[in-house]
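# Tertiary structure, described
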Amino acid sequence: MSYLNFDDSKLSKFVHDNEVSEMQAMVNAADDELRNGTGAGSDFRDWLDLPTNYDQAEFARIKTAAQKINQDSKYLVTIGIGGSYLGAQMALDFLHNNFYTSGEDQTGAKVVFAGNSLSSTYLSQLIEMIGDDDFSINIISKSGTTTEPAVAFRVFKEILINKYGEDEANKRIYATTDANKGALKQEADANNWESFIIPDGVGGRFSVLTAVGLLPIATSGVDIDQLMKGAADAQHEYVSADLTKNEAYRYAALRNILYRKGFTTELLENYEPNMRSFSEWWKQLMGESEGKDQKGIYPSSANFTTDLHSLGQYIQEGLRNLFETVVKVDKPTEDVNIPYAEGNLDGLEYLQGKSLDWVNTKAYEGVVLAHTDGGVPVMTVHIPDQSAYTLGYLIYFFEIAVGISGYLNGINPFNQPGVEAYKTNMFGLLGKPGYEEIGKQLNDRI
Ligand code: PA5
């Protein structure tokens, strides 16, 4: 059995064995496109061997920078959007206490995020929270020109310079950007900021295992060697194109079979509140990779058991276009025993002495069967725990799955042409030089 345990045993009502074997030839072709670069977007496949082929010297510099930040700062303001923040956010949530307050031993820097929206309230309140405390900035942007992070960076850079003066401020700015081009790279070089590289062949949504994710993750006290080791072991495991051997490919094939039957929305589900942002990372990975050419599975999410009390009704009895993929933690980080209560007024005596995680798992088992009976296909990826090693493994599982899945659906999984449309309109409306005519036309339509 593999380290992660992919369970598709509840799909028999929806997918027949022969349908999976019929997919094998298509999977072989998709595997060739992915591994040999014969498919569209082949320049963006460097994440495939990233866990075993990365810049060791830069990796060491990341650790040194994390140590320095933990010594001289109470906050690391991590500025980025999309692929330039979702991976770090999900790793921090997944790997830390639900009430995470700061780096290792509660003495280091707390990682906070900015530049992932245009909310003036959020930015003002973050500045208020930091107050007079020491802080550093990690600006993360491959292009260096994305509006949301660029605005937040301008604001925080000014505060940093006013607080520390230019020389010290320059020692507190860490830039993660393109190796050679882009506005941020020029500014970083001109000011001697410690800078890290987003490799050319790694798109934003695949970049969590580069400095993009690793600097904030290391700053929060996580063992990034373990994270990379998990991903490296997954890289070795998910090499076969054979659907009976490669569970990530099997997951990709099954979701495509379901999609063709009209199950067009996939819900990623968890039973741990600190896995909510894992779903946000996964939604970008899946949605930006697959939603193009007027097709693609719509990635959504639900957090259980919480959302069984809000979305549960819809999932059980609403429009039958949903399927579910659960990421279930088999061994919780902590457990609690349900205590004795005098008089049994709450009627919970039958649970007395049982562990809360046992109850959570029974809820999961009951939900899978109820939803299956209600016409919703359910698959589960069982993960042993919420360690850094497991997270690295899981990241690679979904990355390799979406690469294959995209090619199975006949699209380029590695571009994101649709992301530009809103930017063009926004620039027109904001009066950015070069966009005046677009702005005029849009203003006439508003
Ligand atoms: O995955 C992607 O390509 C996007 O989500 C980008 O990461 C996002 O738009 C931020 O871009 P940049 O890193 O250039 O600021």
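Nothing here was measured: the structure is a model prediction, and the numbers come from that model.

## Structural notes on the overall build of the protein
Along the backbone of the protein there are 16 helices and 10 strands. Relative to the 2.2 N^0.38 estimate, which gives 22 Å for 446 residues, the radius of gyration of the protein is 23 Å and therefore close to what a compact globule would have. Oriented by its inertia axes, the alpha-carbon framework of the protein measures out at about 65 × 60 × 50 Å. Counting only contacts in the protein whose residues sit at least 6 apart along the sequence, the fraction spanning at least 24 positions is 78%. Surface accessibility of the protein: about 19900 Å² in total, with carbon and sulfur atoms responsible for 51%.

## Quick notes on the site of the ligand
Inspection of the region around the ligand gives 13 residues, with Ser141, Ser143, Thr146, Gln284 and Glu288 positioned closest. The separation between an oxygen atom of the ligand and a polar side-chain atom of Ser141 is 2.6 Å. Take Gln284: an N or O atom from its side chain is 2.6 Å from an oxygen atom of the ligand. Bound to the protein, the ligand loses 86% of the 390 Å² it would expose on its own. Looking at the shell around the ligand residue by residue, the classes come out as one nonpolar, nine polar and three charged.

## Details of the packing of helix 11 (residues 276-290) against helix 14 (residues 388-408)
Here helix 11 crosses helix 14 at 20°, and the two axes come no closer than 9 Å. What the angle tells us is that helix 11 and helix 14 run roughly parallel. Here helix 11 and helix 14 pass one another in a crossing that is right-handed. Together, Phe278, Trp281, Trp282, Leu285, Met286, Ser289 and Glu290 of helix 11 and Leu391, Leu394, Ile395, Phe398, Glu399, Val402, Ser405 and Gly406 of helix 14 make up the contact between the two elements. For the contact of helix 11 with helix 14, the per-class residue count stands at 10 nonpolar, three polar and two charged.

## Overview of the pairing of strand 10 (residues 378-383)
Across the six residues that make up strand 10, a large majority, six, are buried. Residues of strand 10 alternate between two faces, with Val378, Thr380 and His382 on one and Met379, Val381 and Ile383 on the opposite face, all of them buried. Pairing of strand 1 (residues 5-7) with strand 10, which is carried by three bridges, proceeds in the antiparallel orientation. Along strand 10, the bridge assignment pairs Asn5 with His382. Pairing analysis gives six bridges linking strand 9 (residues 322-329) to strand 10, with the strands arranged parallel. Pairing of Val329 across the sheet is with Ile383, part of strand 10. Taking the sense of rotation as the criterion, the β-α-β connection linking strand 9, helix 13 (residues 356-373) and strand 10 turns out right-handed.

## Focus on the packing of helix 1 (residues 17-36) against helix 10 (residues 247-260)
Across the interface, helix 1 lies against helix 10 with an axial gap of 10 Å and an inter-helix angle of 120°. The handedness of the crossing between helix 1 and helix 10 comes out as right-handed. Together, Glu19, Val20, Met23, Met26, Val27, Asp31, Leu34 and Arg35 of helix 1 and Tyr249, Arg250, Ala253, Leu254, Asn256, Ile257 and Arg260 of helix 10 make up the contact between the two elements. Broken down by class, the residue content of the contact of helix 1 with helix 10 amounts to nine nonpolar, one polar and five charged.

## Notes on the pattern of salt bridges
The final tally for this structure, using the stated rule, is 21 salt bridges. For Asp189, the salt bridge identified is with Lys185, shortest N-O distance 3.2 Å. Here Asp189 and its partner Lys185 are both found in helix 7 (residues 183-191), four residues apart, which amounts to about one turn of the helix. Under the relative-accessibility criterion, Asp189 is labelled partly exposed at 46%. Assessed through its relative accessible area of 12%, Lys185 is described here as buried. Overlapping salt bridges, with partners in common, bring together Lys68, Asp72, Glu168 and Arg172 in one network.

## Re the environment of Ile198
Tracing the backbone shows Ile198 in strand 6 (residues 194-198). For Ile198, a relative accessible area of 2% puts it in the buried group. For Ile198 and Asp178, which are 20 residues apart along the polypeptide, the C-alpha to C-alpha distance reads 5.3 Å. Once residues lying within four places of it in the same chain are set aside, the contact partners of Ile198 are Ile140, Ser141, Lys142, Thr176, Thr177, Asp178, Ala179 and Val212.

Criteria and thresholds
- Residues numbered from 1 in each chain as written.
- Predicted model: local features only at pLDDT ≥ 70, side-chain atom pairs only at ≥ 80, totals over all residues.
- Heavy atoms only, no water.
- Helix = DSSP H or I, 4+ residues; strand = E, 2+ residues; numbered from the N terminus.
- Rg over C-alpha atoms; globule rule 2.2 N^0.38 Å.
- Contact = heavy atoms within 4.5 Å.
- Areas by Shrake-Rupley, 256 points an atom, 1.4 Å probe, with all protein chains shown as cover.
- Near = heavy atom within 4 Å.
- Polar contact = N/O pair within 3.5 Å; in protein donor to acceptor, adjacent residues only side chain to side chain.
- Nonpolar A, V, L, I, M, F, W, Y, C, P; charged D, E, K, R; others polar.
- Axes fitted to C-alpha atoms, helices over the stretch in contact; angles between N-to-C directions.
- Parallel < 35°, antiparallel > 145°, perpendicular 65-115°, else oblique.
- Left-handed = near helix turned anticlockwise from the far one by under 90°.
- Buried < 20%, exposed > 50% of the residue type's maximum accessible area, 1.4 Å probe, protein only.
- Pairing = 2+ DSSP bridges.
- Right-handed = clockwise from strand over helix to strand, strands pointing away.
- Salt bridge = Lys/Arg side-chain N within 4 Å of Asp/Glu carboxyl O.

Don't take any of this as a statement about function, it's just geometry.
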